[in-house]
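Here is how the chains run, residue by residue.
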Amino acid sequence: MKSKFKSNEIVVFDPNWRKEYLDSIKWHLMDFKPGELVLFLGNISNVPGHCSVAKSDGRVIWMVHPEDFRTALEDEL
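The shown structure was predicted, so the numbers you read here are calculated from the model rather than taken from an experiment.

Let's talk about the pairing of strand E3 (residues 51-54)
Right, on to step 1. Residues of E3 alternate between two faces, with Cys51 and Val53 on one and Ser52 and Ala54 on the opposite face, all of them buried.
Right, on to step 2. Where strand E2 (residues 37-43) and E3 come together, 4 bridges link them in antiparallel fashion. Opposite Phe40, over in E3, you have Val53 as the bridge partner.
Right, on to step 3. As judged from the 4 bridges shared by E3 and strand E4 (residues 60-64), these two strands associate in the antiparallel manner. Its bridge partner lying in E4, Val53 is registered against Ile61.

Here is the structure:
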C-alpha cells in the first residue's frame, strides 16, 4: 500500500477519530499529542497499512497508521 506521504516529509498527528473517543482517552499515555509534528520515515513494507515516524526528540515510533497523520501546513512548520 503506497502512502500519500514522501519519506522525510513533516506530517501532523491529526487522527480522524470520533470526538467522544478523543475526549475519553488519556493523551499523556499516548505516543503523540494532537497537532504534534513528526518526520514521516516511510511505510513498513511487510506490514501493510503501517508506517514509522520520528519525533523531534529523536525517538522512532513504528507500527502507526499513516491515516492518523496529515501533511503539515506551511504555517505549522
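Overview of the packing of aromatic side chains
Right, on to step 1. Summed over the entire model, instances satisfying the criterion amount to 4 aromatic pairs.
Right, on to step 2. Relative to Phe69, the ring of Phe32 lies with its centre 5.5 Å away and its plane at 90°, an arrangement referred to as edge-to-face. Here Phe32, found in the loop between helix H1 (19-24) and E2, pairs with Phe69, found in strand E5 (residues 69-71); they are 37 residues apart in sequence, far enough to count as distant. Exposure class is identical for Phe32 and Phe69. Each is buried.

Points about the pattern of salt bridges
Right, on to step 1. The tally for this structure, following the rule as stated, stands at 4 salt bridges.
Right, on to step 2. Among the salt bridges present, the one from Arg70 reaches Asp14, with a minimum N-O distance of 2.9 Å. A residue pair is termed long-range when its members are at least 10 positions apart, and Arg70 in strand E5 and Asp14 in the loop between strand E1 (9-13) and H1 qualify at 56 residues.
Right, on to step 3. Asp14 gets classed as partly exposed once you look at its relative accessible area, which sits at 32%.
Right, on to step 4. Notably, a salt bridge pairs Asp57 with Arg59, separated by 3.1 Å at the nearest N-O pair.
Right, on to step 5. Beyond isolated ion pairs, a larger network of salt bridges with shared partners links Asp14, Arg70 and Glu76.

Some thoughts on the nonpolar core
Right, on to step 1. In terms of nonpolar packing, the biggest core is built from 11 residues, these being Phe5, Val11, Phe13, Phe32, Val38, Phe40, Cys51, Val53, Ile61, Val64 and Phe69.
Right, on to step 2. Put simply, the parts of the chain that give this core at least two residues each are E1, E2, E3 and E4.
Right, on to step 3. In contact with Val64, not counting residues within four places along its chain, are Phe32, Gly49, His50, Cys51, Val53 and Phe69.

Quick look at the confidence of the model for the protein
Right, on to step 1. Of the residues in the protein, 81% reach a pLDDT of 70 or more, and the chain-wide mean stands at 86.
Right, on to step 2. The least confident element of the protein is H1, whose mean pLDDT is 64; the most confident is E2, at 97.

Rules used in this analysis
Residues numbered from 1 in each chain as written. Predicted model: local features only at pLDDT ≥ 70, side-chain atom pairs only at ≥ 80, totals over all residues. Heavy atoms only, no water. Buried < 20%, exposed > 50% of the residue type's maximum accessible area, 1.4 Å probe, protein only. Helix = DSSP H or I, 4+ residues; strand = E, 2+ residues; numbered from the N terminus. Pairing = 2+ DSSP bridges. Phe/Tyr/Trp six-rings, centres within 6.5 Å; stacked < 30°, edge-to-face > 60°. Salt bridge = Lys/Arg side-chain N within 4 Å of Asp/Glu carboxyl O. Core = buried A, V, L, I, M, F, W, Y, C linked by side-chain atoms within 4.5 Å. Contact = heavy atoms within 4.5 Å. pLDDT = per-residue confidence, 0-100.

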